[in-house]
Every structure is written in structure tokens, then in C-alpha cells.
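Spelled out from the first residue to the last, the chains are:
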Amino acid sequence: MSQAPATPPGANASRLPTDDELREVAASLRGMRFGSVTIVVQDGVIIQIDKTEKRRLRNRREASENAQT
């Protein structure tokens, strides 16, 4: 009984991202001012994109002080 050889770990590591994958990454970055984008790769393939965006709000006191000066 003969088995097919297992694919060695990292065999797909040299695969380049597809145009669709690159578009998804670019869309995640578009418009972001503060934050991070995490790309999860498994066996050389992008399987998940996480986007964390931070929005900074000035409090009313700071806004009114800046308006008076």
C-alpha cells in the first residue's frame, strides 16, 4: 500500500497573493487614519483580514477652549 507524499510545510510559501487578495487588503486600508490591518496566512494563503480602526474624538472642553483662543 503506497501513500502519496505529504506536502511539506511551507510548500505554498512562495505563492504570490492574487489580485483579489491584494484588492481586499487595499480596501481594508482605504480611508483609515489610525488603526491596524492584520493579515492571517495559513499554508501560504491569506485566509483572514482583520481591521481595527481607532477614531479620536476631542472632548467638548478642549473644543470650546480651542474655539475661544
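Scroll up to find the structure this text is about.
In this text, all values refer to a predicted model and were calculated from it rather than measured experimentally.

Undergrad: I would appreciate a short explanation of the overall build of the protein in the present structure.
TA: The helix and strand tally for the protein stands at two helices and two strands. Taken from N to C terminus, the helices and strands of the protein fall in the order α-β-β-α. In the protein, buried positions account for 6% of the 69 residues. For the protein, contacts bridging at least 24 residues in sequence account for 24% of all contacts bridging at least 6.

Undergrad: What should I look at first to understand the pattern of salt bridges in this one?
TA: Side chains that differ in sign of charge can pair as their charged atoms come close. Taken as a whole and assessed by the stated rule, the structure comprises three salt bridges. Between Glu21 and Arg15 there is a salt bridge, and its shortest N-O distance comes to 3.1 Å.

Undergrad: I tried to follow helix α1 (residues 19-29) on my own but got confused; where do I start?
TA: For an α-helix the count is 3.6 residues per turn, leaving residues at separations of three or four pointing the same way. For α1, every residue scored as buried is listed here: Glu21, Val25 and Ser28. The buried residues of α1 occupy an angular sector of 60° when the element is viewed end-on, so they sit on one face. Opposite the buried face of α1, by more than 90 degrees, sit the exposed residues Asp19, Asp20 and Arg23. Looking at the packing, one finds that the buried side of α1 touches β1 (35-42) and β2 (45-53). One or two residues past the end of α1 sits Gly31, with phi positive at roughly 80°.

Undergrad: Any chance you could explain the environment of Gln48 here in plain terms?
TA: Along the chain, Gln48 falls in strand β2. Along the backbone, Gln48 and Val25 are 23 residues apart, and their C-alpha atoms lie at a distance of 9.9 Å. Ignoring sequence-local partners within four residues, the contact set of Gln48 consists of Thr38, Ile39 and Val40. Of note is the side chain of Gln48, whose polar atom sits 2.9 Å from the side chain of Asp50.

Undergrad: Looking at this model, I keep getting lost on the pairing of β2. Mind explaining?
TA: Working note: regular strand, side chains alternate between the two faces of the sheet. Direction of pairing for β1 relative to β2: antiparallel, over a ladder of eight bridges. For Ser36, the partnering residue across the bridge sits in β2 and is Thr52. Taken together, β1 and the strand that follows it, β2, pair antiparallel across an intervening segment of two residues, in which Asp43 is found at a positive phi of about 55°.

Undergrad: How should I be thinking about unusual backbone geometry in this particular structure?
TA: Most peptide bonds are trans, and most residues other than glycine sit at a negative phi. The phi torsion at Asp43 lies on the positive side, around 55°, for a residue other than glycine. Structurally, the position occupied by Asp43 is in the loop between β1 and β2.

Cut-off values and rules
Residues numbered from 1 in each chain as written. Predicted model: local features only at pLDDT ≥ 70, side-chain atom pairs only at ≥ 80, totals over all residues. Heavy atoms only, no water. Helix = DSSP H or I, 4+ residues; strand = E, 2+ residues; numbered from the N terminus. Buried < 20%, exposed > 50% of the residue type's maximum accessible area, 1.4 Å probe, protein only. Contact = heavy atoms within 4.5 Å. Salt bridge = Lys/Arg side-chain N within 4 Å of Asp/Glu carboxyl O. Arc of directions from axis to C-beta. Polar contact = N/O pair within 3.5 Å; in protein donor to acceptor, adjacent residues only side chain to side chain. Pairing = 2+ DSSP bridges.

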